[in-house]
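Chain residues, written in single-letter form:
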Amino acid sequence: MAALDGLPPLRDVIERFGLDARKALGQNFILDLNLTQRVARTAGNLESVTVIEVGPGPGGLTRAILALGAKKVIAIERDPRCLPALAEIAAHYPGRLEVIEGDALKIDFASLASDGPVRVIANLPYNVGTQLLVNWLLPAAWPPFWQSLTLMFQKEVGQRIIAAEGDNHYGRLGVLCGWRTETYAAFDISPQAFTPPPKVTSSVIHLSPRENPIPCSVAKLERVTEAAFGQRRKMLRQSVKSLGGEALLARAEIDPTRRAETLSVEEFCRLANCL
């Protein structure tokens, strides 16, 4: 891809700008531009699409997204050391890359989504990835600002995102994702693909919003899942005792001797609606 976009190899960019990945920022850079293209392609045809990227670092995934024809990329980068490298990419693709320096947890993403369909594609920093996903999943208004999410996580987190009832990885995250989105794991990425190599395998997860998720209060569903999975080895009559216990379960027509990991998303929504 370096030949395709005419920009220098990422290793040269990292060396020239002194961009050693910092653990405190959850940084792990992918240097294989063929791999970043594969990640970007998972999001589908990007022509006429605005892409929001979080944590672009030296810009490997950014370059892939732009080379695949995205109308615009809005990149949120917290590390000021990366800005000169991203500025080079912006100069190479005039008018198509906007870089915002700041903390992604404090960004109003919906306000950035004013120009056509928006997809989020990101190698999320490990230390904020799950919180960002939950923020994107749980706006009061639905459908959300995004058309799809194509995100890299530690494989264990990816397994929790796509898990359904009965799965060992099933928990609050699986319920929230299953409630409002359709999810699948696209492919895994070995630690050796990153600089520095993390200790775990990563997964690329794709999420699409459901048009008509089960009507349910976000706040109540969060309360129910937090209680149920907070004591996941106990029967529901004990784990949701603080929310009404057996009386609540009776209203929802759920056996009080069951455990949280056996309940479907629909049953969790029923519990929340009976709260």
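Concerning the side chain of Arg81
- Looking at where Arg81 falls in the secondary structure, it is placed in the loop between strand S3 (72-77) and helix H5 (83-92).
- For Arg81, a relative accessible area of 17% translates into the label buried.
- Only 3.2 Å separates the side chain of Arg81 from the backbone oxygen of Gly18, close enough to count as a polar contact.
- Looking at Arg81, its side chain comes within polar contact range of the side chain of Asp79, at 2.7 Å.
- Filtering out sequence-adjacent residues up to four positions away, Arg81 remains in contact with Gly18, Leu19, Asp20, Arg22 and Gln27.

Focus: the packing of aromatic side chains
- Counted according to the given criterion, the structure contains five aromatic pairs.
- Look at Tyr170 and Phe229: their rings are 5.8 Å apart centre to centre, the planes differ by 90 degrees, and that puts the pair in the edge-to-face class. Here Tyr170, found in the loop between helix H7 (155-162) and helix H8 (172-180), pairs with Phe229, found in helix H9 (residues 218-230); they are 59 residues apart in sequence, far enough to count as distant. For the pair shown, Tyr170 and Phe229 are each scored as buried.

Focus: helix H3 (residues 33-41)
- Regarding H3, the residues found buried are Leu33, Leu35, Thr36, Gln37, Val39 and Ala40.
- The opening residue of H3 is Asp32, an N-cap whose side-chain oxygen sits 2.9 Å from the backbone nitrogen of Asn34.

Describing unusual backbone geometry
- Look at the link from Trp142 to Pro143: it is a cis peptide, with omega at 5 degrees.
- By secondary structure assignment, the location of Pro143 is in the loop between helix H6 (129-137) and strand S6 (148-154).
- Even without being glycine, Ser48 reaches a positive phi, approximately 70 degrees.
- Examined against the element boundaries, Ser48 turns out to sit in the loop between H3 and strand S2 (50-54).

Examining the environment of Trp142
- Examined against the element boundaries, Trp142 turns out to sit in the loop between H6 and S6.
- Its relative accessible area of 18% is what places Trp142 among the buried residues.
- Along the backbone, Trp142 and Glu211 are 69 residues apart, and their C-alpha atoms lie at a distance of 8.3 Å.
- For Trp142, the contacting residues outside a window of four places in its chain are Trp136, Leu137, Arg180, Pro209, Arg210, Glu211 and Pro213.

Reading guide: rules and limits
Residues numbered from 1 in each chain as written. Predicted model: local features only at pLDDT ≥ 70, side-chain atom pairs only at ≥ 80, totals over all residues. Heavy atoms only, no water. Helix = DSSP H or I, 4+ residues; strand = E, 2+ residues; numbered from the N terminus. Buried < 20%, exposed > 50% of the residue type's maximum accessible area, 1.4 Å probe, protein only. Polar contact = N/O pair within 3.5 Å; in protein donor to acceptor, adjacent residues only side chain to side chain. Contact = heavy atoms within 4.5 Å. Phe/Tyr/Trp six-rings, centres within 6.5 Å; stacked < 30°, edge-to-face > 60°.

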